[in-house]
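Below, each chain spelled out in residue letters.
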Amino acid sequence: MVALDGPSGTGKSTVSKKLAAALGATYLDTGAMYRAVTLAVLRAGVDPADAAEVVRVARAVELSMGTDPLAPAVQLDGAEVEGAIRGPEVTGAVSAVSAVPEVRELLVALQRELIARAMSEPGGMVVEGRDIGTVVVPDAGLKVYLTASADARAARRTAQDVSDGRDGDLRRTHADVQRRDALDSGRKVAPLRQADDAVELDSTDLDIAGVLEQLTKLVESRGLLVGAA
């Protein structure tokens, strides 16, 4: 079990998927789960600040997560929403939705079910998010807190938006990165923070290959390759 936490724009998703594929492990993007619920909230016409209504929507949705790192999938009420959950509307509202305690309780329970299922099979799992090492799987064999400067993260997010066909605005993205950092770190329930026993990995001056190399070394140093594919 590898728990990979950190703020947005650090490359968590890319390196988590690549690491899982290299290890023959499954993969879970917990942030996508909060984004999917946020999408459902927006589609229902609910104000993300209305906690009671947000919880009502969250309890009603059917959420399915694919755990293949080569083809991760997110389904909301039976429909694929991987592209839809990455848009600016969801990005702007997800911190508010994910700060609702009941929403976190619902999704953490589902995350633990998916993790338990994966860990009952050979290969293990790489899980990424913001509270994996502190809340979801505090006994993970390896906890990594992936970070980078706000400038680097904003540039990466902007480049990813352009690559995915969305509008790329570096100034707006930089402001959004800082806004999300403040909201995620300041929420009362499961705030974004580095677990006491997590290894901090600063990716500001590393490319994807460099981060993956460091993560692989950490996995090896913890003896987690036993039984891996």
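- Within an unreviewed UniProt entry, the label attached to the chain reads Cytidylate kinase, and the organism entered is Saccharopolyspora mangrovi.
- Among the UniProt annotations of the chain, the heading Subcellular location (unreviewed entry) holds the following wording: "Cytoplasm".

1. Thoughts on the environment of Ser-98
No. 1: Note that Ser-98 resides in helix α4 (residues 88-98).
No. 2: Assessed through its relative accessible area of 4%, Ser-98 is described here as buried.
No. 3: For Ser-98 and Val-54, which are 44 residues apart along the polypeptide, the C-alpha to C-alpha distance reads 9.8 Å.
No. 4: Discounting residues that sit within four places of it in the chain, Ser-98 has contacts with Tyr-34, Arg-104 and Arg-187.

2. As for the UniProt feature "binding site: ATP" (unreviewed entry) in the chain
No. 1: As annotated in UniProt, the feature "binding site: ATP" (unreviewed entry) corresponds to Gly-6, Pro-7, Ser-8, Gly-9, Thr-10, Gly-11, Lys-12, Ser-13 and Thr-14 in the numbering used here.
No. 2: In this structure, Pro-7 sits in the loop between β1 (2-5) and α1 (12-23).
No. 3: Among residues more than four places away in sequence, those in contact with Pro-7 are Lys-12, Arg-130, Tyr-145, Leu-146, Arg-153, Asp-181 and Leu-192.
No. 4: Beyond its immediate sequence surroundings of up to four residues, Gly-9 is in contact with Arg-153, Arg-156 and Arg-157.

3. With respect to the packing of helix α2 (residues 30-43) against helix α5 (residues 101-119)
No. 1: With their axes 11 Å apart at the nearest point, α2 and α5 run at an angle of 135° to one another. Judged on the interaxial angle alone, α5 and α2 are oblique. Judged by the twist between their axes, the crossing of α2 over α5 is right-handed. Counted together, Thr-30, Met-33, Tyr-34 and Val-37 of α2 and Val-103, Arg-104, Leu-107, Val-108, Leu-110, Gln-111 and Leu-114 of α5 form the full contact between these two elements.
No. 2: Split into classes, the residues belonging to the contact of α2 with α5 amount to eight nonpolar, two polar and one charged.

4. Things to note about the sheet that holds β1
No. 1: Across the sheet, five strands lie side by side as β2-β6-β1-β7-β8; this open sheet has parallel pairing. A strand with exactly one partner marks an edge of an open sheet, and here the two such strands are β2 (26-29) and β8 (199-202). Each strand axis lies, on average, 20° off the axis of its neighbour in the sheet, ignoring direction.
No. 2: When strand β7 (residues 142-147) meets β8, the two strands line up parallel, connected through four bridges. The residue of β8 that forms the bridge with Val-144 is Val-199.
No. 3: Contacts from α2 reach β2 and β6 (125-129), with the element oriented near 40° to β2.
No. 4: Strand contacts of α5: β2 and β6, with the helix running at about 160° to β6, the strand carrying the most contacts.

5. Section: the UniProt feature "domain: Cytidylate kinase" (unreviewed entry) in the chain
No. 1: With numbering aligned to this structure, UniProt lists the feature "domain: Cytidylate kinase" (unreviewed entry) at residues 2-220.
No. 2: Secondary structure over residues 2-220 splits into 53% helix and 14% strand, and the C-alpha atoms at its two ends are 12 Å apart.

6. With respect to α4
No. 1: Val-90, Thr-91, Ala-93, Val-94, Ser-95, Val-97 and Ser-98 are the residues of α4 that are buried.
No. 2: Residues of α4 that are buried make contact with α2, α3 (51-60), α5, α7 (150-163) and α8 (170-186).

7. As for the pairing of β7
No. 1: For β7, a buried count of six out of six residues is recorded, marking the element as mostly surrounded by other parts of the structure.
No. 2: Of the two faces of β7, the one carrying Leu-142, Val-144 and Leu-146 and the one carrying Lys-143, Tyr-145 and Thr-147 are both buried.
No. 3: Strand direction decides the pairing type here: β1 and β7, joined by four bridges, are parallel. When the sheet's bridge partners are listed, Asp-5 is paired in β7 with Tyr-145.

What counts and how
Residues numbered from 1 in each chain as written. Predicted model: local features only at pLDDT ≥ 70, side-chain atom pairs only at ≥ 80, totals over all residues. Heavy atoms only, no water. UniProt positions renumbered as here; feature names shortened; annotations may be inferred. Helix = DSSP H or I, 4+ residues; strand = E, 2+ residues; numbered from the N terminus. Buried < 20%, exposed > 50% of the residue type's maximum accessible area, 1.4 Å probe, protein only. Contact = heavy atoms within 4.5 Å. Axes fitted to C-alpha atoms, helices over the stretch in contact; angles between N-to-C directions. Parallel < 35°, antiparallel > 145°, perpendicular 65-115°, else oblique. Left-handed = near helix turned anticlockwise from the far one by under 90°. Nonpolar A, V, L, I, M, F, W, Y, C, P; charged D, E, K, R; others polar. Pairing = 2+ DSSP bridges.

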